[in-house]
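What the coordinates show
Next come the chains, spelled out residue by residue.
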Amino acid sequence: MPPISVATRPLSTPKKSSLIARWKSNVLAILLGCIAAFAVLEIFVRIFFPQSPRLFIADPYIRTIHRSEVDAIRYRPEFQAKIRTNAQGFVGKNFSLEKMSDVTRIAVIGDSFTEGFSVDYDKAFPYLLEQYLNESTTTQKFETYNYGISGAGPAHELKIYEHYVRPYKPDVVLFQFYTRNDYVDDLVLKAIDDAGASEHGLLFGHIREFFSNNFEGPRFVIRQLEQIKNVENLLT
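The paragraphs below set out a description of the structure included in this document. (Residues numbered from 1 in each chain as written. Predicted model: local features only at pLDDT ≥ 70, side-chain atom pairs only at ≥ 80, totals over all residues. Heavy atoms only, no water.)

1. Points about the overall build of the protein
Along the protein, the regular secondary structure elements total seven helices and seven strands. The N-to-C order of helical and strand elements in the protein reads α-β-β-β-β-β-α-α-β-α-β-α-α-α. The buried share of the protein, reckoned over its 236 residues, is 34%. Sequence-distant contacts, at least 24 apart, represent 66% of the contacts inside the protein between residues at least 6 apart. Within the structure as shown, the protein displays about 15,400 Å² of accessible surface, and the carbon and sulfur contribution to it stands at 62%. (Helix = DSSP H or I, 4+ residues; strand = E, 2+ residues; numbered from the N terminus. Buried < 20%, exposed > 50% of the residue type's maximum accessible area, 1.4 Å probe, protein only. Contact = heavy atoms within 4.5 Å. Areas by Shrake-Rupley, 256 points an atom, 1.4 Å probe, with all protein chains shown as cover.)

2. Quick look at the packing of aromatic side chains
Under the definition given, this model contains twelve aromatic pairs. On the numbers, 4.9 Å between centres and 45 degrees between planes, the contact of Phe-95 with Tyr-147 is tilted. Of this pair, Phe-95 sits in the loop between strand 4 (79-84) and strand 5 (103-110) while Tyr-147 sits in strand 6 (residues 141-148), placing them 52 residues apart in sequence. Taken individually, Phe-95 and Tyr-147 each receive the classification buried, so the pair is uniform in this respect. (Phe/Tyr/Trp six-rings, centres within 6.5 Å; stacked < 30°, edge-to-face > 60°.)

3. Notes on the sheet that holds strand 7 (residues 172-175)
One open sheet holds the three strands; their spatial order is 6-5-7, and the pairing between them is parallel. Of all the strands in the sheet, just strand 6 and strand 7 have a single pairing partner and so form its edges. Strand-to-strand, the axes of this sheet are offset by a mean angle of 20 degrees, without reference to chain direction. Sheet analysis places strand 5 next to strand 7, joined by four bridges and oriented parallel. Bridging from a neighbouring strand, Ala-107 pairs with Val-173 of strand 7. Packed onto the sheet, helix 4 (residues 154-165) meets strand 5, strand 6 and strand 7 and runs at close to 150 degrees relative to strand 5. (Pairing = 2+ DSSP bridges. Axes fitted to C-alpha atoms, helices over the stretch in contact; angles between N-to-C directions.)

4. Some details on the pattern of salt bridges
What the rule picks out here adds up to six salt bridges. A salt bridge links Glu-115 to Arg-74; the nearest nitrogen and oxygen atoms lie 3.1 Å apart. Taken together, the residues span a long stretch of sequence, with Glu-115 in helix 2 (residues 112-115) and Arg-74 in strand 3 (residues 71-76) at a distance of 41 residues. Residue classification places Arg-74 among the buried residues on the basis of a relative accessible area of 6%. (Salt bridge = Lys/Arg side-chain N within 4 Å of Asp/Glu carboxyl O.)

5. Some words on the nonpolar core
The biggest cluster of nonpolar side chains holds 15 residues, and the ones touching the most others in it are Ile-65, Phe-90, Tyr-147 and Ile-160. For this core, the secondary-structure elements that each account for two or more residues are strand 5, strand 6 and helix 4. Examining the composition of this core, we find that three residues originate from one element, helix 4, more than from any other. With residues up to four places along the chain from it excluded, the contact list for Ile-65 reads Leu-55, Phe-56, Ile-57, Asp-59, Gln-88, Gly-89, Phe-90, Ile-149 and Tyr-164. Within the second largest apolar cluster, five residues are counted, among which are Leu-55, Val-70, Val-91 and Tyr-121. (Core = buried A, V, L, I, M, F, W, Y, C linked by side-chain atoms within 4.5 Å.)

6. A few points about the side chain of Asn-146
Here Asn-146 is to be found in strand 6. Within the structure, Asn-146 has its side chain in polar contact with the backbone oxygen of Thr-114 (distance 2.9 Å). One polar contact links the side chain of Asn-146 to the main-chain amide nitrogen of Gly-148, over a distance of 2.9 Å. If sequence neighbours within four positions are ignored, Asn-146 has contacts with Phe-90, Val-91, Phe-95, Val-108, Thr-114, Glu-115, Ala-124 and Pro-126. (Polar contact = N/O pair within 3.5 Å; in protein donor to acceptor, adjacent residues only side chain to side chain.)

7. Section: the side chain of Arg-74
Reaching out from Arg-74, the side chain makes a polar contact with the side chain of Glu-115 at a distance of 3.1 Å. For Arg-74, the contacting residues outside a window of four places in its chain are Leu-55, Phe-56, Phe-79, Gln-80, Ala-81, Ile-83, Glu-115, Gly-116 and Phe-117.

8. Topic: the pairing of strand 2 (residues 63-66)
Here strand 1 (residues 56-59) runs beside strand 2; their pairing, made up of four bridges, is antiparallel. Bridge pairing links Ile-57 to Ile-65 in strand 2. Here strand 1 hands over to strand 2 after three residues, the two strands then running antiparallel side by side.

Dropping the structure here:
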């Protein structure tokens with residue numbers, strides 16, 4: 001009996017090109033969905049939770065810093081005060097890396113007391129200290145740099161020193177500490193512990209800076225999440 005030949009046909013499988021096309025369409029749909037959700041969040045926050053004017057902005061190294069080169073009046077029910085910030089994001093005149101040999105440079109680090117939150121910028125004590133010292137002698141010149149940030153605690157201020165004070169090589173560093181709330185400020189307004197210490201921490205700091213400083217929605221969400229995290233820190 002002659003052998004019987006049976007014709008076989010391979011099982012049909014999806015073509016590679018169709019799988020790639022489907023994968024691309026899925027990725028595109030997810031991307032468009034994220035963009036749409038982002039836009040809805042931004043519009044929702046701007047309408048129902050408008051954020052306050054941004055005198056303070058996010059910083060990748062020290063978490064919070066002043067917006068640079070501001071010249072404005074800060075209004076509060078109990079006071080109004082003129083504030084002027086420099087190119088570095090701190091109160092007062094621009095800082096210079098160069099220093100004359102006959103100049104004693106004093107860096108003052110602290111919170112709202114140093115910043116002079118409720119007084120005109122030229123009435124803050126670092127500004128007055130420079131005036132007093134220069135009026136007291138003609139043989140030596142003094143300059144003070146105001147590194148005060150409202151709400152800063154010691155951990156935040158250590159970051160300020162490491163990233164913004166040290167490069168200017170001050171001769172004297174004055175550290176202002178307020179016993180009533182500075183310890184609490186480190187918990188409630190926590191500095192980014194690892195920012196600058198690792199590539200991961202610095203990358204996170206830059207991402208937070210970009211979204212918080214350019215969009216209202218992410219800024220609102222980030223602040224709420226950080227408040228929840230800081231409450232957890234207080235409880236644990």
